[in-house]
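Geometric and topological summary
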Amino acid sequence: MKTIRIIAILLSLILCIGAFGCKAQTQEPTAEPTAAPEATAEPEPTAEPDADLPEVDLGEYRLEKSDSNTYAYVVRTPHATWHLAAADIELLGEEMFFEGLERLLENQEADFTDAIAMLDGYLDDVPVIDIYTDFSGRTEKAKLGAYGAYCRWNVPCIEIYQPDMAFTELLHEYAHYLTHCCMRYEIDGDFWSEAIAEYVSKFICKNRMFCSAYSEDGRTALAARGFANQDGDPDIRKMYCAAAAAIRDGSMIGQTFSAVSQAPVQMTERMLEHPTLTTLSYYEAGCFFDWLVERYGKELVFANMTIGQGEFREVFGEDFETLFFEWAADNQAFCTENGLKLIGSED
Ligand SMILES: [Zn+2]
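Basis of the calculations
Residues numbered from 1 in each chain as written. Predicted model: local features only at pLDDT ≥ 70, side-chain atom pairs only at ≥ 80, totals over all residues. Helix = DSSP H or I, 4+ residues; strand = E, 2+ residues; numbered from the N terminus. Buried ≥ 20, exposed ≤ 12 C-beta atoms within 10 Å, placed from the backbone. Pairing = 2+ DSSP bridges. Core = buried A, V, L, I, M, F, W, Y, C linked by C-beta atoms within 7 Å. Domains from an automatic or database assignment. Contact = placed C-beta atoms within 7 Å. Axes fitted to C-alpha atoms, helices over the stretch in contact; angles between N-to-C directions. Left-handed = near helix turned anticlockwise from the far one by under 90°. Nonpolar A, V, L, I, M, F, W, Y, C, P; charged D, E, K, R; others polar.

Moving on to unusual backbone geometry. The residue after Val155, namely Pro156, is reached through a cis peptide bond having omega -15°. Structurally, Pro156 is set in the loop between strand E5 (149-152) and strand E6 (157-160). Notably, Asp190 is not glycine yet its phi reads approximately 55°, a positive angle. Mapped onto the fold, Asp190 is located in the loop between helix H5 (166-182) and helix H6 (191-204). According to the C-beta neighbour criterion, Asp190 is partly exposed, with 17 such atoms within 10 Å. Notably, Asn207 is not glycine yet its phi reads approximately 55°, a positive angle. Residue position: Asn207 is located in the loop between H6 and helix H7 (208-211).

Rendered as structure tokens:
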């Protein structure tokens with residue numbers, strides 16, 4: 001099945017996902033399950049001895065043994081507790097697994113802190129979230145869908161299924177956690193849920209984790225096409241606006257993509273002419289949400305994240321289609337002004 005060509009264009013163009021493992025799919029499981037390293041000389045005054053922990057450098061964070069059989073280790077940051085599956089470490093190999101984790105941890109806390117700040121005034125307490133790696137047995141399945149991670153907000157926890165998508169998806173999932181579990185306003189699934197998660201993670205936060213997935217060459221290629229900000233970092237907002245414009249332009253007609261309803265949807269002429277909330281792509285949803293907030297303010301939009309398509313006029317004074325096409329025209333103008341264009345590559 002062809003899935004989201006726009007993503008393919010965007011990501012293959014520029015993303016050089018290192019990982020939590022760029023070679024995840026081909027890496028053979030390591031033969032030896034980590035021999036116990038020699039005990040360190042200095043005794044730990046209070047904690048249990050760390051003699052059987054792998055020697056890994058996780059920056060300011062520390063690997064701890066877990067009591068669970070499934071999750072061998074735990075890493076605690078101020079906003080998250082990571083549960084690291086023994087099978088995943090074996091799948092990627094210790095070196096690659098922990099190298100990827102270290103790269104994520106370099107930015108995760110700053111990104112989570114940003115997302116909380118962006119929703120300041122709308123959140124209650126934000127308890128520490130549990131994050132589970134779950135690559136083994138999920139990776140192949142996850143590849144068929146568009147998602148590489150999932151937030152279970154009834155638990156709550158985040159599971160990461162596809163190691164190379166941890167960089168691009170983790171903040172989106174954390175935004176789900178914040179908006180479904182910690183926000184004062186109610187929020188519906190599908191459009192509103194995905195739109196605000198994209199808005200937070202791709203439009204208003206810097207998303208350092210996402211940006212860190214780009215190679216130097218990728219950054220250069222992005223900058224050459226206008227998809228970089230003043231600091232030379234990838235400008236995710238512009239990338240998303242350009243992707244949304246390309247979709248509105250009809251470049252995906254006949255192709256199957258994952259809509260915000262998470263169902264595979266085939267793009268048709270009719271969907272271009274008569275869009276519906278549940279069949280929007282993630283790009284359009286995030287971009288349209290951002291536009292609604294710009295025009296009507298956070299307060300009004302956040303307070304109405306349960307309305308259906310037929311209730312737009314009552315809340316925003318215009319019906320959904322009218323507003324959506326206004327956004328699409330503004331978005332196209334923004335892309336034209338900034339010279340933003342996706343390369344029209346074919347398979
Ligand atoms: Zn989502």
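Two elements, strand E1 (residues 63-65) and strand E2 (residues 71-76), share three bridges in a ladder whose sense is antiparallel. Bridge assignment links Glu64 to a residue of E2, and that residue is Val74. Turn length for the E2-strand E3 (residues 80-85) hairpin, with the two strands adjacent in sequence and antiparallel, is three residues.

Grouped together as the largest cluster of nonpolar side chains are 88 residues, with contacts concentrated most on Ala115, Tyr174, Ala195, Tyr240, Ala242, Ala243 and Phe288. Examining the composition of this core, we find that ten residues originate from one element, helix H9 (residues 236-248), more than from any other. In this structure, this core is formed jointly by two domains, domain 1 (1-16 + 214-341) and domain 2 (56-210), each of which donates at least three residues. Ignoring sequence-local partners within four residues, the contact set of Ala242 consists of Cys335, Leu340, Lys341 and Leu342.

Time to look at the packing of H9 against helix H11 (residues 282-296). It is at 8 Å that the axes of H9 and H11 come closest, and there the two elements cross at 115°. Of the two elements, H9 crosses H11, and the hand of that crossing is left-handed. From H9, Tyr240, Cys241, Ala243, Ala244 and Ile247 reach across to H11, where they touch Tyr283, Glu284, Gly286 and Cys287. Counted by class, the contact of H9 with H11 contains seven nonpolar, one polar and one charged residues.

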